[in-house]
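# Chains, contacts and geometry: an overview
Chain by chain, the residues:
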Amino acid sequence: MTVTLSREKNTLTNARHQPMPVVAVTGAAAGIGPAVTARLAASPQVRKVIAIDDHRGDSDGVIWRVADVRDPKLAGRLAGVDVVVHAGIDLTPDSDARKRRAYNVRGAQTVLTAAAAGRVGWVVLVTSAMVYGAHPDNQVPLPENAPLAAQADSSVAGDMLEIEQLALRSPRTNPGMAVTVVRPAALVGDGIDTLATRHFEAPRLLTVKGSAPRWQFCHVDDLVSALEFTVVNGLHGELAVGSDRWLEQPEVEQISGLKSIELPARLTFSTAQRLHRMGVTPAPAVDLRYMVYPWVVDCAVLRDAGWRPRYDNAEALAVLLGQRAGRHAVAGRRIARKEATITVAGATVAAIGTAAIVRRARRRRRD
């Protein structure tokens, strides 16, 4: 089932904006949190930064308040805060789906509720441009007010979509509190481990027949600069963040030095789903769509407000490629170095064979 959500219009407003705000960063000690915290702490237009997580991180020049973002007592840690930037999201393919969902969705829900209880006027949520869905007929680029057509399931994209639903309902449940949603394209940079980054750890780049992938990246440095820009300029509504334009598949192959292999879509997704059910691969088949179908976004709100990315797509891809040294993955699963000579085609054939063996074994047990 596809859930389609949209708001009538993206908004760009300085209402409720507090000059020289006190900013709390939740999820400050892990993932993108340390980079967000450090950037805001260094900003001359931010008065003070409160760093919140279930343990202290390494960021200096901030006030640490230890609290789990899923704990309702979080409201007590938000005293004196003007803006909350919620950076606590988990995009890692190997995370247990239930634990990841609890952290991502329950964390965002608790932050919104705690901020309202603590009389915080504004919350900035980081989600992902994955909420638009990856489809072969997607407009390139997608406008920021395009319908949110990701699958409402247990995938990472499903987590982000549910967070967006919370943001959409927030004006009714938390009147008087503004919410901004920031949607980065495929993230790259230090500490980023996603299905998209692992796609480039494979021996070959997977494509499906009848579709031309387009790649857009968002370097973590650009995400944190966009978050700072959003906070100090009081941008409200829905904002996409990423490098300008996109890379076509031949450009990606030329930059990466990797060749692609093309497979039928039905075979690709059905096999991927069987392997996921058997625990062979970490991500459901729906997540694989983001590797083969476009989900490029037009970052019009930030661009029109004067923000510009530091990295173009080629530079961001080069960063990703530079960080893959010694890592090898097939279908999102990290493999040992000795297995790295397996091609995607060989891995697919082996996967189909494995699935057939498992089915035969199950039939024998039933008989």
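Below is a short write-up of the structure. These figures come from a predicted structure and were not determined experimentally.

### Concerning the pairing of strand E8 (residues 205–208)
Of the two faces of E8, the one lined by Leu205 and Thr207 and the one lined by Leu206 and Val208 are each fully buried. Here E8 runs beside strand E13 (residues 260–263); their pairing, made up of four bridges, is parallel. Looking at E13, one finds that Val208 is bridged to Leu263.

### Concerning unusual backbone geometry
Here Val140 and Pro141 are connected by a cis peptide whose omega angle stands at -5 degrees. Turning to its location among the elements, Pro141 is positioned in the loop between strand E5 (122–126) and helix H3 (156–173). In this structure, Arg119 takes a positive phi of about 60 degrees despite not being glycine. Judged by relative accessible area, which is 78%, Arg119 ranks as exposed. Positive phi values are uncommon outside glycine, yet Arg245 reaches one of about 60 degrees. Position of Arg245 among the secondary structure elements: in the loop between strand E11 (237–241) and strand E12 (247–248). You can call Arg245 exposed: its relative accessible area is 58%.

### Examining the pattern of salt bridges
On inspection of all chains with the given rule, the structure shows eleven salt bridges. Here Asp68 ties to Arg70 by a salt bridge, and the two come within 3.0 Å at their closest N and O atoms. We note a salt bridge from Asp298 to Arg303, for which the minimum N-O separation is 2.9 Å. Taking the relative accessible area as the measure of exposure, Arg303 reaches 31% and is therefore partly exposed.

### Re the pairing of E5
The two faces of the sheet receive side chains in turn, since in a regular strand these alternate between them. The buried count for E5 comes to five of five residues, which makes it a mostly enclosed element. A two-sided burial pattern is seen for E5, the buried positions comprising Trp122, Val124 and Val126 on one face and Val123 and Leu125 on the other. Bridge analysis of strand E4 (residues 83–86) against E5 gives four bridges, and the strand direction is parallel. Pairing of Val84 across the sheet is with Val123, part of E5. Crossover connection from E4 via helix H2 (residues 97–117) to parallel E5: handedness right-handed. Relative to strand E6 (residues 178–184), E5 runs parallel, the two being bridged by five bridges. By the bridge assignment, Leu125 is partnered in E6 with Val181.

### Regarding helix H5 (residues 220–233)
The terminal C-alpha atoms of H5, which comprises 14 residues, lie 20 Å apart, in line with the 20 Å expected from a rise of 1.5 Å per residue. The element H5 is extensively covered by neighbouring structure, given that twelve of its 14 residues are classed as buried. A positive backbone phi angle near 65 degrees is found at Gly234, which sits one or two residues after H5.

### Some remarks on the sheet that holds E4
Taken in spatial order, the seven strands of this open sheet run E3-E2-E1-E4-E5-E6-E11, and their pairing is parallel. Where the open sheet ends on each side, the last strands, each with one partner, are strand E3 (63–66) and E11. When the angles between neighbouring strand axes are averaged without regard to direction, this sheet yields 20 degrees. Packed on one face of the sheet, helix H1 (residues 33–42) meets strand E1 (22–26), strand E2 (48–53) and E4 and runs near 170 degrees to E1. Contacts from H3 reach E5 and E6, with the element oriented near 155 degrees to E6.

Quick notes on the rules
- Residues numbered from 1 in each chain as written.
- Predicted model: local features only at pLDDT ≥ 70, side-chain atom pairs only at ≥ 80, totals over all residues.
- Heavy atoms only, no water.
- Buried < 20%, exposed > 50% of the residue type's maximum accessible area, 1.4 Å probe, protein only.
- Helix = DSSP H or I, 4+ residues; strand = E, 2+ residues; numbered from the N terminus.
- Pairing = 2+ DSSP bridges.
- Salt bridge = Lys/Arg side-chain N within 4 Å of Asp/Glu carboxyl O.
- Right-handed = clockwise from strand over helix to strand, strands pointing away.
- Expected span 1.5 Å × (residues − 1).
- Axes fitted to C-alpha atoms, helices over the stretch in contact; angles between N-to-C directions.
- Contact = heavy atoms within 4.5 Å.

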